[in-house]
Protein chains: 2
Amino acid sequence: MLALYFDGQPALKDLPRPAPGDGEVLVRVHLAGICGTDLAVLKGYHNFRGIMGHEFVGEVAGPADSPWLGQRVVGEINIGCETCERCRAGLARHCRQRRVLGLLNHDGAFAPYLTLPAANLHAVPPEVPDVWAVFTEPLAAALRVPELAPVSPAARVLVVGDGSLGLQIAWVLALSGAEIHLAGHHPEHLALARPRGVATFLAADLPAGDYDIVVEASGSPSGLELALTRVRPLGTVVLKSTYTNRYPLEPSALVVPEVRLVGSRCGPFAGALRLLKDGRIDPRPLISRTFPLARGLEALDWARRPGVLKVHLDCREGN
Amino acid sequence: MLALYFDGQPALKDLPRPAPGDGEVLVRVHLAGICGTDLAVLKGYHNFRGIMGHEFVGEVAGPADSPWLGQRVVGEINIGCETCERCRAGLARHCRQRRVLGLLNHDGAFAPYLTLPAANLHAVPPEVPDVWAVFTEPLAAALRVPELAPVSPAARVLVVGDGSLGLQIAWVLALSGAEIHLAGHHPEHLALARPRGVATFLAADLPAGDYDIVVEASGSPSGLELALTRVRPLGTVVLKSTYTNRYPLEPSALVVPEVRLVGSRCGPFAGALRLLKDGRIDPRPLISRTFPLARGLEALDWARRPGVLKVHLDCREGN
């Protein structure tokens, strides 16, 4: 099968179809999404080597005796060891020995087939088409924000960054009834948030005033700088982006106002699928372009352009 | 009166006795403590100019019609504007216009007399001698840690830093019944924690294992580095020290393990006085040396020596 492989450089490679191990299924990938973390892989994140990609929707193609056979699925990306204390406590996402689909010691979704433990699968309801379902993983990541920093309807919240993740976070937080502000640099992206009741601002034009919660989803140190400047005393800054640049943190910027800075990673798939099924979140405006997998290198280049939102790969063989 | 003044350099100055303003009292200072933040002032923290010092015990000496007259007192150090939204919400500690005793736009305690709003005062119970009561402010700061990061008896907690504040934090957290580890560099300081049920380690010898909560009280970037290495996923790091060195924070160090980093500053005086009164905390082993105010410069030099715990100034005139 043709797959988008990273080995210091991204390349399309002809590789054998993977064979599912014990407890695993083989998934025929329909669509896969390119995420900011994939672009970080290109810069050396995690020193990953293998087939890239972790956002996908597909159908189970094996083994022949799997109760999942033929089921349309999305899949959680963290694969715990299943035996350590953390896995037994339900924290497989944080298992020290974990593998991560397309990010850490496990081949990913930019291929016609992938393998995953059956325990990682979630069935996609028939009402949710592939082009929505492929957003389950990033939408779940957005839903992790209010899991770690609960948002009350009375709260004032700022989301920094108008990329695909920032927009999904703003949409999700707007469901709470809170006052949500989104700051970014792309008027055409900010426009996607306004119909959901989000007030939007070019970062330079953000009005005065503190926020109870600020979510940094810009992936740049200046976003964290803005967040720390705008959060109220005793407020919360949620860090959403994985990036490798170091930020020169002045401890007194947290100590004096007693601010909390919270890291947030993967989120609840079940909640994401329910919101997609109920039409509470419609992710389609985020799609910039869909490329066939055979043009995967072009797709990566496209995704790296400033201002591009979500790029999808159609991974079905013959596409 | 003779006072220890900072104006780019610390100096003993002969200054007029301050006059209490509206709502303020005049306090005759008995004892004052030198804190790490005072040493930061010497390096330029807050660009403070004025009489130094914020930890004190004394007695109210005016105005003549004050109901506090003659009362032995300690005092909260933050002076809010009393009119802004934060002050009205009980957050005077975080008032934007606040003054802070001996730290920000208000003369401090390294003098025979100071002024403070009567609203800042707490009466010292007769059972608590001056030499204990002068620890109210730092002990309250230690008590802020479990206010912001509640410690259950089942928790494993690491305190990094065996200075005066680190020891008080370890003592306070040990009251919870949790497993408390203290890491430092001074065997003679670590020894002060063991009788309170704290397990102590030289930082290099810290055993393997994660902690639910890590409190960074060392005031050095290497302490924060250790804290971030040792906190468990979804755990909490409490930042306790105000220092001006920047720490090169890698955002993924918080994002991937979903760790929270919480700043913590001033704490509850009433709780501190109760613990001192009940003898639950005996701070006397922390006292390295007491100097008369007239030898204040020598006292500052002494406090800056590596490995010195708390240095007190006897501020009564004639001492």
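Values in this document were obtained by computation on a predicted structure and should not be read as measured data.

Undergrad: Any details on the overall build of chain A? Residues and values, ideally.
TA: The secondary structure content of chain A amounts to 10 helices and 19 strands. Relative to the globule expectation of 20 Å for 319 residues, the C-alpha radius of gyration of chain A, 19 Å, shows essentially globular dimensions. Overall, chain A is about 60 × 45 × 40 Å in size when its C-alpha atoms are taken along their principal axes. In chain A, which comprises 319 residues, the proportion classed as buried is 58%. Partitioning the intrachain contacts of chain A with sequence separation of at least 6 by distance along the chain shows that 66% fall at a separation of at least 24.

Undergrad: Account for the interface of chain B and chain A, with residues named and values stated.
TA: With 38 residues of chain B at the contact, the number on the chain A side is 38 residues. Together, the buried faces of chain B and chain A total about 3500 Å²; carbon and sulfur atoms form 56% of this surface. The interface formed by chain B and chain A contains 8 salt bridges. The closest approach of N and O atoms between A:Glu258 and B:Arg144, which form a salt bridge, is 2.8 Å.

Undergrad: How would you sum up the packing of helix α4 (residues 136–148) of chain B against helix α9 (residues 269–277) of chain B? Please name residues and give values.
TA: Two measures define how a pair of helices packs: the angle their axes make with one another and the distance between the axes. Residues and elements named next belong to chain B. One can describe the packing of α4 onto α9 by two numbers: an axis separation of 8 Å at closest approach and a directional angle of 110 degrees. The angle between α4 and α9 falls in the class roughly perpendicular. Contacts between α4 and α9 involve Thr136, Glu137, Leu139, Ala140 and Leu143 from the former and Phe269, Gly271, Ala272, Leu273, Leu275 and Leu276 from the latter. Looking at the contact of α4 with α9 residue by residue, the class counts come to 8 nonpolar, 2 polar and 1 charged.

Undergrad: Describe the environment of A:Thr290, and please don't skip the residues or the numbers.
TA: Residues and elements named next belong to chain A. Mapped onto the secondary structure, Thr290 falls in strand β18 (residues 287–292). Residue classification places Thr290 among the partly exposed positions, given a relative accessible area of 41%. Note: C-alpha distance between Thr290 and Gly33 (257 residues apart in sequence) is 9.0 Å. Filtering out sequence-adjacent residues up to four positions away, Thr290 remains in contact with Leu31, His312 and Asp314.

Undergrad: Account for empty space enclosed by the protein, with residues named and values stated.
TA: All names here are of chain A. Applying the stated criterion across every chain yields a total of 2 cavities of 30 Å³ or more. The computed volume of the largest cavity comes to approximately 40 Å³. As for the largest cavity, its lining consists of Glu76, Ile77, Asn78, Arg93, Glu137, Cys266, Gly267 and Phe269. Residues of the lining of the largest cavity, tallied by class, amount to 3 nonpolar, 2 polar and 3 charged.

Undergrad: So what's going on with the pattern of salt bridges? Which residues, and what values?
TA: Considering all chains together, one arrives at 32 salt bridges over all chains under this definition. B:Asp210 is the partner of A:Arg86 in a salt bridge, and the nearest nitrogen-oxygen pair spans 2.1 Å. Taken as a pair, A:Arg86 in helix α2 (residues 85–88) and B:Asp210 in the loop between β14 (199–202) and β15 (211–216) lie in two separate chains rather than in one. Between B:Asp278 and B:Arg274 there is a salt bridge whose closest N-O contact spans 3.6 Å. When its relative accessible area of 42% is taken as the criterion, B:Asp278 is described as partly exposed.

Undergrad: An account of the domain arrangement of chain A is requested, with residue identities and associated values reported.
TA: Residue and element names in this part refer to chain A. Split by domain assignment, chain A resolves into domain 1 (2–135 + 283–314) and domain 2 (139–263). The gap between the C-alpha centroids of domain 1 and domain 2 is 27 Å. Counting residues at the interface gives 11 residues for domain 1, matched by 14 residues for domain 2. The largest share of the area that domain 1 buries against domain 2 comes from Tyr45, Leu286 and Leu309, three residues that together contribute 44% of it. In this assembly, domain 1 and domain 2 are joined by 0 salt bridges. Viewed at the interface, domain 2 and domain 1 are joined by 2 residue pairs in polar contact (both at pLDDT 80 or more). In the side of domain 1 that touches domain 2, the residues fall into 7 nonpolar, 2 polar and 2 charged.

Undergrad: Would you mind going over the side chain of B:Thr37 in detail, with residue names and values included?
TA: All names here are of chain B. Examined against the element boundaries, Thr37 turns out to sit in helix α1 (residues 36–42). Residue class for Thr37 comes out buried when judged on its relative accessible area of 14%. Each residue touching Thr37, except ones within four places of it in the same chain, is listed here: Tyr45, His54, Leu103 and Thr242.

Undergrad: Before we move on, can you summarise the relation of the copies chain B and chain A with the specific residues and values?
TA: Superposition of chain B onto chain A requires a rotation of 180 degrees combined with a translation of 0.0 Å along the rotation axis, giving an RMSD of 0.0 Å. Within this description, the copies of the chain are treated as partners about a two-fold rotation axis. Here 100% of the interface residues in chain B have copies in chain A that are interface residues too; the copies meet face to matching face.

Undergrad: Before we move on, can you summarise helix α5 (residues 164–174) of chain B with the specific residues and values?
TA: Counting buried residues along α5(B), 10 of its 11 residues qualify, which places the element largely inside the surrounding structure. Looking at the buried side of α5(B), the elements it contacts are α4, β12 (156–160), β13 (179–184), α6 (187–193), β15 and β20 (310–314) of chain B.

Rules and cut-offs
Residues numbered from 1 in each chain as written. Chains lettered and ligands numbered in written order. Predicted model: local features only at pLDDT ≥ 70, side-chain atom pairs only at ≥ 80, totals over all residues. Heavy atoms only, no water. Helix = DSSP H or I, 4+ residues; strand = E, 2+ residues; numbered from the N terminus. Rg over C-alpha atoms; globule rule 2.2 N^0.38 Å. Buried < 20%, exposed > 50% of the residue type's maximum accessible area, 1.4 Å probe, protein only. Contact = heavy atoms within 4.5 Å. Buried area = accessible area lost by both parts, 1.4 Å probe. Salt bridge = Lys/Arg side-chain N within 4 Å of Asp/Glu carboxyl O. Axes fitted to C-alpha atoms, helices over the stretch in contact; angles between N-to-C directions. Parallel < 35°, antiparallel > 145°, perpendicular 65-115°, else oblique. Nonpolar A, V, L, I, M, F, W, Y, C, P; charged D, E, K, R; others polar. 1 Å grid on protein atoms, 1.4 Å probe; cavity = no way out; pocket = protein on both sides within 12 Å on 5 of 7 lines; lining within 4 Å. Points joined across faces, edges and corners; volume = space filled by probe spheres on them. Domains from an automatic or database assignment. Polar contact = N/O pair within 3.5 Å; in protein donor to acceptor, adjacent residues only side chain to side chain. Least-squares fit on C-alpha atoms with pLDDT ≥ 70 in both.

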